[in-house]
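Geometric and topological summary
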Amino acid sequence: MGGFGSFVRKEALHILRDPRTMLIVLLMPVVQMLLFGFAISTEVNNIDFAAVVPGHSEEIRRQVERMASNDYFTFQGYISSEDIDAVLRRGDADLVVVFDRDYDRRITDTTRWQDAPAIQLVFDASNPNIAASGAGYAQRMLSGTGAVFPVQIETHTMYNPQMKSAYNFVPGIMGLVFLLICAMMTSVSIVREKETGTMEVLLVSPVRPLWIVLAKMIPYFVLSCVNLTTILLLAHFALDVPLTGSLVSVLGVSLLYIALALALGLFISTFARTQVVAILICGMLLLMPVIMLSNMIFPVENMPGVLQALSCIIPARWYIEAMRKLMIEGVEFGAVLREFFILLGMTVALVVAALKKFNDKLE
């Protein structure tokens, strides 16, 4: 038993002397519990809405105020009927509530309660979860008050009238796949050179580190372009996901995102010593934040402020938002400029940081 105890003591000391192992073993469960506890919520409780009103009567004002005071809704102001499509496409609102011109008379006239609806709910259904949940909330809130008969409400779903879930998860899967696969390919490739001892030889060659890194990234960039083509074809022809926006815009944003993912893999390779560590970082440390904090499945608006702020540094969040706008809503490229420049800034920052670490090693 003395020998067995010595082996136990040896292994315990080995773990205690390895801060990375201690960090993973003790910190990861805490991070997972917090993320799963606060981020997993299919509830929709922050629906931005605008209102189209023919006249600011007391009853209409009361209805709008009732919605605005509810925790599930955030009032974004009054708009005209001509601006409904533009407001939804820009993402300024998830819902537009349109009051009929004869709204006040419809809710009190017993002879007209079966006429055309007094209220129309126009939803951006590119995210069907928000549209389905929001429709239920809004109908329950708007029907009944002050009316002799229940208010007639009609719901319209824009951009995804069939409420297909594929419209929502295909852009999310694209964001997940490209980030994980591209980052893993680049990081493992460079770490393999480090393990075999050939990376140092490359770095001290007359060729500048920038060109060495680009030379290693280009073949994986070409492979990723093949993957992008395959995924878009499958999404359109097999899953019936529309490409209503400009194909050039979709490809441009996707190629930038692929470059970002490859740059992330390059950055990971600067501090990963083995291929196993590189795979674990790409597979474990990237997978969970992308799924939980990218708006891929769970609404970011439902999360605590800290997690909402943390989600801003997840590249997949901005790519998924851009793809939903371009593929499903069919917006112009100008409508995704914010997402494009955020991804561009992240790409440049990752490339600069990775090259700096390579230069530090040479010095």
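As shown above, the structure is provided for reference.
Read on for a plain summary of the structure. Just so it is clear, the model here is predicted, and its values are computed rather than measured.

Turning next to the sheet that holds strand β5 (residues 153–158). Sheet architecture is open: five strands sit in the order β2-β1-β3-β4-β5, paired in mixed fashion. Across the chains shown, the open sheet's two edge strands, defined by having one partner strand only, are β2 (73–78) and β5. In this sheet, adjacent strand axes meet at a mean angle of 25° when their direction is disregarded. Pairing of strand β1 (residues 47–52) with strand β3 (residues 95–99) involves four bridges; the strand directions are parallel. Bridging from a neighbouring strand, Val52 pairs with Val98 of β3.

One finds Met174 and Met327 to be the most contacted residues of the largest nonpolar core, which totals 75 residues. With 13 residues, helix α7 (residues 166–196) is the largest single contributor of residues to this core. Excluding residues within four positions of it along the chain, Met327 makes contact with Val170, Met174, Leu232, Val241, Pro242, Leu243, Thr244, Gly245 and Val250. Of all hydrophobic cores here, the second largest spans 23 residues; its members include Ile47, Ala51, Ala131 and Ala135.

This brings us to the state of the cysteines. Per the stated rule, a full pass over the model turns up zero disulfides. Free of any disulfide, Cys182 has its nearest neighbouring cysteine sulfur in Cys225, separated by 8.9 Å. For Cys182, a relative accessible area of 2% gives the class buried.

Along the chain, His236 falls in helix α9 (residues 209–238). The exposure class assigned to His236 is partly exposed, which follows from its relative accessible area of 32%. In contact with His236, not counting residues within four places along its chain, are Val241, Pro242 and Leu243.

Bringing the packing of aromatic side chains into the picture now. Tallied over the entire structure, the rule returns seven aromatic pairs. Judged by centre distance (5.9 Å) and plane angle (85°), the ring pair of Phe49 and Phe73 falls under edge-to-face. Placement of Phe49 in strand β1 and of Phe73 in strand β2 is noted, with a sequence separation of 24 residues between them. Residues Phe49 and Phe75 carry aromatic rings whose centres are separated by 5.1 Å and whose planes lie at 40° to one another, so their mutual orientation is tilted. Here Phe49 is found in strand β1, whereas its partner Phe75 is found in strand β2, with 26 residues between them in sequence. Looking at Phe49, the relative accessible area reads 1%, which means it is buried. By relative accessible area, Phe75 is classed as partly exposed at 29%. Grouped by ring-pair contacts, the aromatic residues Phe49, Phe73, Phe75 and Tyr78 constitute a single cluster.

About the cut-offs
- Residues numbered from 1 in each chain as written.
- Predicted model: local features only at pLDDT ≥ 70, side-chain atom pairs only at ≥ 80, totals over all residues.
- Heavy atoms only, no water.
- Pairing = 2+ DSSP bridges.
- Helix = DSSP H or I, 4+ residues; strand = E, 2+ residues; numbered from the N terminus.
- Axes fitted to C-alpha atoms, helices over the stretch in contact; angles between N-to-C directions.
- Core = buried A, V, L, I, M, F, W, Y, C linked by side-chain atoms within 4.5 Å.
- Buried < 20%, exposed > 50% of the residue type's maximum accessible area, 1.4 Å probe, protein only.
- Contact = heavy atoms within 4.5 Å.
- Disulfide = S-S within 2.5 Å.
- Phe/Tyr/Trp six-rings, centres within 6.5 Å; stacked < 30°, edge-to-face > 60°.

It is worth stressing that arrangement in space is one thing and function is another; only the former is reported here.
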